[in-house]
Amino acid sequence: MEAENKDYKYFMQDTGNVYLGAKLSYAEILQDEMVNFKYKSIVEHYIFKDTDPETTLESHLYYMTKEQFSYRTYEQLKAKVKVNMLEEKKSLFGGEKTGYTTKLMPLSAFADMNLAQKKAKGVVIQELALSKIGLMTFNV
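My aim in this report is to walk through the structure given alongside it, one point at a time. (Residues numbered from 1 in each chain as written. Predicted model: local features only at pLDDT ≥ 70, side-chain atom pairs only at ≥ 80, totals over all residues. Heavy atoms only, no water.)

The subject of this paragraph is the environment of His-60. Here His-60 lies in helix H4 (residues 57-63). Residue classification places His-60 among the buried residues on the basis of a relative accessible area of 5%. Put simply, His-60 and Tyr-26 are 34 residues apart on the chain and 9.7 Å apart in space, counted from C-alpha to C-alpha. Residue contacts for His-60: discarding those within four places in its chain leaves Tyr-26, Ile-47, Asp-50, Thr-51, Thr-55, Gln-68, Ser-70 and Tyr-74. (Helix = DSSP H or I, 4+ residues; strand = E, 2+ residues; numbered from the N terminus. Buried < 20%, exposed > 50% of the residue type's maximum accessible area, 1.4 Å probe, protein only. Contact = heavy atoms within 4.5 Å.)

Strand order in the open sheet made by the five strands is S1-S2-S5-S3-S4, with antiparallel pairing throughout. The outermost strands of the open sheet, each flanked by one partner alone, are strand S1 (11-13) and strand S4 (96-106). Taken pair by pair, the neighbouring strands of this sheet meet at an average axis angle of 30°, ignoring direction. Pairing geometry for strand S3 (residues 80-90) and strand S5 (residues 124-131), over five bridges, is antiparallel. Opposite Lys-80, over in S5, you have Ala-129 as the bridge partner. (Pairing = 2+ DSSP bridges. Axes fitted to C-alpha atoms, helices over the stretch in contact; angles between N-to-C directions.)

Purely spatial values, then, with no claim about function.
Given below as structure tokens:
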């Protein structure tokens, strides 16, 4: 089981965003030397106000509500969540079919979905994307 989780335990960045694999726990994020210091500081000072270090990003994001302090923190970081979910698609030949679609959603839109909706759509969280501008302008 650990081998399949490694595919979703990563830290990457490009010119505009930082990407964290959803299977990472906050404790693993703090231990990873590739993760930038500012995000680690944000985790320690803000995310840990309502989240346990052993919690994975996947679990935290899945059950996150807009009332949580960590939600407000991630909103400041312009967070987006990459998810797979069931959606009905129109076929070229008429009719509809259901299949999994990958979407990059703003955290606010994802948090608007209640647990029943997430379960019904078979939501699987793949990744958390943070804006580098959001990280740069965030005061710790």
